[in-house]
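Analysis of the macromolecular model
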Amino acid sequence: MKWIYKILRAIVMVAIILAVTVPVGLFIALSIPRVQNTIRTTAEHELTSLLGMNVA
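Residues numbered from 1 in each chain as written. Predicted model: local features only at pLDDT ≥ 70, side-chain atom pairs only at ≥ 80, totals over all residues. Heavy atoms only, no water.

The subject of this paragraph is the overall build of the protein. Scanning the protein from terminus to terminus reveals two helices and zero strands. Considered along the principal axes of its C-alpha atoms, the protein spans approximately 65 × 25 × 10 Å. Within the protein, the proportion of its 56 residues that are buried is 0%. Carbon and sulfur atoms form 75% of the exposed surface of the protein, whose accessible area is close to 5200 Å². (Helix = DSSP H or I, 4+ residues; strand = E, 2+ residues; numbered from the N terminus. Buried < 20%, exposed > 50% of the residue type's maximum accessible area, 1.4 Å probe, protein only. Areas by Shrake-Rupley, 256 points an atom, 1.4 Å probe, with all protein chains shown as cover.)

You can see valine 24 is positioned in helix α1 (residues 2–30). Since its relative accessible area comes to 44%, valine 24 is described here as partly exposed.

Let's shift gears to the pattern of salt bridges. Going through the model one piece at a time under the given rule, you end up with one salt bridge. One salt bridge connects glutamate 44 with arginine 40, and the closest N-O pair in it is separated by 3.2 Å. Taken together, the residues span about one helical turn, with glutamate 44 and arginine 40 both in helix α2 (residues 33–51) at a distance of four residues. On the basis of relative accessibility, which here comes to 28%, the residue glutamate 44 falls in the partly exposed class. (Salt bridge = Lys/Arg side-chain N within 4 Å of Asp/Glu carboxyl O.)

What follows is about α2. Here α2 contains 19 residues, and its C-alpha end-to-end distance of 26 Å stays within 8% of the 27 Å for a straight helix at 1.5 Å per residue. Of the residues flanking the end of α2, it is glycine 52, one or two places downstream, whose phi is positive at about 75 degrees. (Expected span 1.5 Å × (residues − 1).)

Looking at the secondary structure, you find glycine 25 in helix α1. Spatially, the C-alpha atom of glycine 25 lies 19 Å from that of arginine 40, the residues being 15 residues apart in sequence.

Right, let's get into a nonpolar patch on the surface. Side chains of Val12, Met13, Ile16, Ile17, Val20, Val24, Phe27, Ile28 and Ile32 sit close together on the surface and give an oily, nonpolar patch of about 860 Å² of accessible area. Mapping isoleucine 28 onto the fold places it in helix α1. (Patch = residues over 30% accessible without salt bridge, like charges linked within 9 Å, V, L, I, M, F, W, Y side chains within 5 Å.)

Coordinates in, geometry out; function isn't part of it.
Quick look at the structure:
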C-alpha cells in the first residue's frame, strides 16, 4: 500500500513540475528573436504553399 502512495506522489509531482516548466520554457523560447524569425519564416512558407499565393 505504501508503494502505491509513493508512485502516485511521484506522478503528481512530475505533472506539477511539467505544468510549470513547459509554459515558462515556451515563453522564454518565444522571446528570443531568432526563434521568432524561424517560426515566421516557416509559417510564411507553409501558408504560401497552402493558399497558393505569396504571403508576406
